[in-house]
Amino acid sequence: VVSAPPDRREDATYLEVDTVDLEDPLATDPAFVIRPIQGKARVRLSAGVNYKYGDLLLFTAEPLTPSDESDFSYKAFLSRQGIYTAIYHPRSIQVVGQGSISPLLLGLEKLRQKARLVILRQFPQPESGLLEGILLGNDNDMPASLKGAYQSTGMTHIIAISGFNMAVLAGLVMLIFSRMFNRYWSALLASIVLVTYAIFVGGSPSVVRAAVMAVSAFGGHLIGRRQSGGNALGFTAAGMCAINPQLLGDISFQLSFAATLGLVLFASPLQAWAMNLLKKHFPEEKVELVGPRVIEYTLFTLAAQVVTLPIIAIHFQRISLSSLLANPLVLPVQPALLTLGGFSTIAGLILPEAGRLLALLAWPLLKYTNFMVELLA
């Protein structure tokens, strides 16, 4: 059973499958020729195949143990996802039915694919590829050269669902619901939206961490508790690692945790220091009005970056100095980009003409983001 949305790339398509039964042509005992088995496998197919989430497949192949080379351990990479088997280019593939898949998950995946088509229809490349990454966590439609530019400038967190995206979404939905309902209903509905969105975009560790922290913040606010970033981060990370201890070795989880830790440790001290410094040179009322926003998009991103630099250096043997400039130049437009891009996609699903109109407002922000990243790369 295809148990996750297919990972479609330019050179190949990857499927995550839950195995149901195995027919072993080499078995000598008839009782073991066909037997039920359980476990996941990662299947590599040629590009362009059209198998869907939930399909029940029948094929012939040789299951293999993933490679464990010194420079990159494919085995360790897959094991963190609970996968210990790799299958390359199976033969005689047939779709023989529909597997046992949650109707909710299946419906969300169909909606995700419709949203992808709306984005591709409303925006030209490479802006459509960027918006796919920001909204859907899918960067496979981005040109390879542009994707490389984001890697070179340390801006890949823009084209993946991260804590930054979730924080913007949490603030937006809470603002909308708080104008319509009391604080209890607002927090409940906002939590449902965040959890649904986390499932909708695939539920990566960074997305789950951000969603759990946001929901815990809503809950703490309702019972009159002051939120402690360190407590929330520690609780979230411990809970996720208790469920899946393999996350401790996952690079994306380490980077996500470190970036959030940097904000928890340094955001408040940096803001207090910067505000006092600005008040010595500018009128206090103007500093109170503009200062927090300027500090948030400059020093806060610097705080997150500094803590992640050792992890990047250890794992990738390189540090992007241009990221120190790219983040403060690119991040200020992202809340507006996320909001306009999201509304244009939702409108495009319902009324294409309205979606195209809103796309005209979002496109300049997408163009600017790509331009700055390519310039600094």
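Located above this text is the structure these notes cover.
Given the structure is predicted, the values throughout are model-derived calculations rather than measurements.

Visitor: Account for the packing of helix α12 (residues 334–350) against helix α13 (residues 352–376), with residues named and values stated.
Guide: Where α12 meets α13, the axes come as close as 8 Å, and the angle between the chain directions of the two elements is 155°. Looking at the two axes, α12 sits roughly antiparallel to α13. Between α12 and α13 lies a crossing whose hand is left-handed. Facing α12, whose interface residues are Gln 334, Ala 336, Leu 337, Leu 340, Gly 341, Phe 343, Ser 344, Ala 347, Gly 348 and Ile 350, α13 presents Pro 352, Ala 354, Gly 355, Leu 358, Ala 359, Leu 361, Ala 362, Leu 365, Leu 366 and Thr 369.

Visitor: Could you give an account of the pattern of salt bridges, with specific residues and numbers?
Guide: Enumeration over the complete set of coordinates arrives at eight salt bridges. Between Lys 367 and Glu 127 there is a salt bridge, with the nearest N and O atoms lying 4.0 Å from each other. Of this pair, Lys 367 sits in helix α13 while Glu 127 sits in helix α3 (residues 127–136), and the two are 240 residues apart along the sequence. Judged by its relative accessible area of 42%, Lys 367 falls in the partly exposed class. When its relative accessible area of 3% is taken as the criterion, Glu 127 is described as buried. The shortest N-O distance in the salt bridge between Lys 147 and Asp 139 comes to 4.0 Å. Several salt bridges share partner residues, and in doing so they unite Arg 116, Glu 132 and Asp 141 into one network.

Visitor: With reference to specific residues and values, describe the packing of aromatic side chains.
Guide: This model, assessed by the stated rule, comprises three aromatic pairs. When the ring of Tyr 74 is compared with that of Phe 77, the centres are 6.3 Å apart and the planes differ by 15°; the resulting orientation is stacked. Separated by three residues within a single helix, Tyr 74 and Phe 77 lie in helix α1 (residues 74–79), roughly one turn from each other. Exposure remark for Tyr 74: the relative accessible area of 14% places this residue in the buried category. Aromatic side chains Phe 177 and Phe 181 sit 6.3 Å apart centroid to centroid with 50° between the ring planes, which places their arrangement in the tilted category. The exposure class assigned to Phe 177 is buried, which follows from its relative accessible area of 16%. With relative accessibility at 36%, the residue Phe 181 sits in the partly exposed group.

Visitor: Provide a residue-level description of the nonpolar core, including the pertinent values.
Guide: Core analysis: the largest hydrophobic core is formed by 44 residues, its most contacted members being Phe 123, Leu 130, Tyr 150, Met 155, Ile 158, Met 166 and Tyr 197. Not counting the four nearest positions on each side in its chain, Met 166 is found in contact with Ile 161, Leu 194, Tyr 197, Val 207, Ala 210 and Ala 211. The next biggest cluster of nonpolar side chains, apart from the first, holds nine residues, and it includes Leu 15, Ala 41, Val 43 and Leu 57.

Visitor: Let's hear about the layout of surface pockets: which residues, and what values?
Guide: Computed from the structure, the second largest pocket encloses a volume of approximately 870 Å³. Looking at the lining of the second largest pocket, the elements with two or more residues in it are β2 (12–18), β3 (21–23), β5 (40–46), β6 (55–60) and β8 (91–98). Examining the composition of the lining of the second largest pocket, we find that five residues originate from one element, β6, more than from any other. In the lining of the second largest pocket, the residues fall into 16 nonpolar, seven polar and six charged.

Visitor: Now, about the environment of Ile 243: what can you tell me, with residues and values included?
Guide: Along the polypeptide, Ile 243 turns up in helix α8 (residues 229–243). Judged by relative accessible area, which is 75%, Ile 243 ranks as exposed. Ile 243 sits 143 residues away from Ser 100 along the chain, and the two C-alpha atoms are 23 Å apart.

Visitor: Mind laying out the sheet that holds β2, listing which residues take part and the relevant values?
Guide: On the basis of which strands lie adjacent, the open sheet formed by four strands has the order β1-β2-β5-β7 and mixed pairing. Both edges of this open sheet fall to β1 (7–8) and β7 (86–88), since each of them pairs with a single strand only. Across three bridges, the pairing between β5 and β7 is parallel. Its bridge partner lying in β7, Arg 42 is registered against Ala 86.

Visitor: Tell me about unusual backbone geometry, and please be specific about residues and values.
Guide: Look at the link from Gln 125 to Pro 126: it is a cis peptide, with omega at 5°. Mapping Pro 126 onto the fold places it in the loop between α2 (103–122) and α3. Within the chain, His 89 stands out as a residue other than glycine whose phi angle is a positive 45°. Looking at the element boundaries, His 89 is found in the loop between β7 and β8.

Thresholds, definitions, all that
Residues numbered from 1 in each chain as written. Predicted model: local features only at pLDDT ≥ 70, side-chain atom pairs only at ≥ 80, totals over all residues. Heavy atoms only, no water. Axes fitted to C-alpha atoms, helices over the stretch in contact; angles between N-to-C directions. Helix = DSSP H or I, 4+ residues; strand = E, 2+ residues; numbered from the N terminus. Parallel < 35°, antiparallel > 145°, perpendicular 65-115°, else oblique. Left-handed = near helix turned anticlockwise from the far one by under 90°. Contact = heavy atoms within 4.5 Å. Salt bridge = Lys/Arg side-chain N within 4 Å of Asp/Glu carboxyl O. Buried < 20%, exposed > 50% of the residue type's maximum accessible area, 1.4 Å probe, protein only. Phe/Tyr/Trp six-rings, centres within 6.5 Å; stacked < 30°, edge-to-face > 60°. Core = buried A, V, L, I, M, F, W, Y, C linked by side-chain atoms within 4.5 Å. 1 Å grid on protein atoms, 1.4 Å probe; cavity = no way out; pocket = protein on both sides within 12 Å on 5 of 7 lines; lining within 4 Å. Points joined across faces, edges and corners; volume = space filled by probe spheres on them. Nonpolar A, V, L, I, M, F, W, Y, C, P; charged D, E, K, R; others polar. Pairing = 2+ DSSP bridges.

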